[in-house]
Amino acid sequence: MAAGFALWFTGLPSSGKSTLARTVAEGLVEEGTAVQLLDSDEMRRVLTPEPTYSAAERDWFYDVVVYVARLLVENGVNVIIAATGPRRRYREAARARLARFAEVYVDCPPAVCRERDPKGLWAKADQGLIRTLPGAGAPYEPPAAPEVQVDSSELSVEQAATQVLKRLRDQEFFTEA
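Since the model is a prediction, treat every value here as computed from it, not as a measurement.

Quick notes on the rules
- Within each chain, residues carry numbers counting from 1 in the order of the written sequence.
- Owing to the predicted nature of the model, reporting of local features is limited to residues with pLDDT of at least 70; listing and counting of side-chain atom pairs is limited to 80 or more, with chain, interface and lining totals taken over all residues.
- To get the side-chain values, take all heavy atoms of the structure and skip hydrogens and water.
- Only the six-membered ring of Trp is used, alongside the rings of Phe and Tyr, when aromatic pairs are assigned; centres must lie within 6.5 Å, and planes under 30 degrees apart are stacked while those over 60 apart are edge-to-face, with the rest tilted.
- Numbered from the N terminus, helices here are DSSP runs of H or I no shorter than four residues, and strands are runs of E no shorter than two.
- Buried residues are those whose accessible area, probed at 1.4 Å on protein chains only, stays under 20% of the maximum for their type, while exposed residues exceed 50% and partly exposed ones sit between those limits.
- The criterion for a charge sitting over a ring is simple: Lys NZ or Arg CZ within 6 Å of the ring centre, and within 35 degrees of the ring normal.
- Here, two residues are considered to be in contact whenever any of their heavy atoms come within 4.5 Å of each other.
- In this description, a nonpolar core means a group of buried Ala, Val, Leu, Ile, Met, Phe, Trp, Tyr and Cys residues linked to one another through side-chain atoms lying within 4.5 Å.
- Expected span of a helix, by definition, is 1.5 Å for each gap between consecutive residues, and there is one gap fewer than residues.
- For this quantity, the arc is that covered by the directions from the helix axis to the C-beta atoms.

With that out of the way, let us pick up the packing of aromatic side chains. On inspection of all chains with the given rule, the structure shows 7 aromatic pairs. Aromatic pair Tyr105 and Tyr140: ring centres 6.4 Å apart, planes at 20°, arrangement stacked. Here the residue Tyr105 occupies a position in strand β4 (residues 101-107), and Tyr140 occupies one in the loop between β6 (137-138) and β7 (148-151), the gap between them amounting to 35 residues. For the pair Tyr105 and Tyr140, one class covers both residues: buried. Among the aromatic residues, those joined into a cluster by ring pairs are Trp8, Phe61, Tyr62 and Tyr90. The ring of Phe61 is capped by Arg44, whose NZ or CZ atom sits 4.0 Å from the centre of that ring. In this structure, Arg100 packs its charged tip against the face of Phe173, placed 6.0 Å from the ring centre.

The next subject is unusual backbone geometry. Although it is not a glycine, Ser14 adopts a positive phi angle of roughly 70°. Here the phi dihedral of Asp117 falls at roughly 25°; this positive angle occurs in a residue that is not glycine. One can find Asp117 in the loop between α5 (110-116) and α6 (121-126).

The next point concerns the side chain of Ser18. Inspection of the secondary structure puts Ser18 in helix α1 (residues 17-30). Each residue touching Ser18, except ones within four places of it in the same chain, is listed here: Asp39 and Ala82.

What follows deals with the nonpolar core. Generally speaking, nonpolar side chains in soluble globular proteins are found buried as a group. Core analysis: the biggest nonpolar cluster contains 22 residues, and Leu7, Phe9, Leu20, Val24, Ile80, Val164 and Leu168 have the highest contact counts within it. Mapped by element, the contributors of at least two residues to this core are β1 (6-10), α1, β3 (79-82), β4, β7 and α7 (157-170). Among residues more than four places away in sequence, those in contact with Leu168 are Leu7, Ala102, Glu147, Val148, Phe173 and Phe174. Ranked by size, the runner-up nonpolar core spans 17 residues in total, among them Trp8, Phe61, Val65 and Val73.

The first and last C-alpha atoms of α7 sit 20 Å apart over 14 residues, in line with the 20 Å expected at 1.5 Å per residue. Of the residues making up α7, those classed as buried are Ala160, Ala161, Val164, Leu165 and Leu168. An end-on view of α7 places all buried positions within 130° of arc, on one side of the element. Within α7, the exposed residues directed more than 90 degrees away from the buried face are Glu158, Thr162 and Asp170.

So, about the environment of Val150. By secondary structure assignment, the location of Val150 is in strand β7. Residue Val150 is classed as buried on the basis of its relative accessible area, which comes to 1%. C-alpha of Val150 to C-alpha of Leu165: the two residues are 15 residues apart in sequence and 11 Å apart in space. Ignoring sequence-local partners within four residues, the contact set of Val150 consists of Leu20, Tyr105, Val106, Asp107, Leu155, Ala160, Gln163 and Val164.

Here you go:
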């Protein structure tokens, strides 16, 4: 059995990571490539139902995300991770542990993220109610060299998904070694 691949969609909260990851997953499924989406919001509800977002909890959480992704990939499952992963080291750990790994940076200015803010997190951070939101009180380290970077403030979800898939195909990412 061939190993699967892993794509990690990273970016600021409310940048559009989950929406774009779901759209890319749907596109791959339509083409006959099965994928499992690991969305950090959904995983947190199970793993940390009352999250503190402390540094230690984040370290543990992203270790678990990478571990689950590795188990799936090693068993032939293609994985899409939609998670802020605010520290580069979280995503670098995934790159080190997963043979076929690509990072997709969903770039979006904080002002646009604040406007979108479907969960009200940026508003709470601006009011001082949340101090650990990446990009507003806690650091977010953008990828140094992502395989794909899209500006979700300039592109529609469909345009961004098309761009992600095209760039990964151009890099022969989906071609098994």
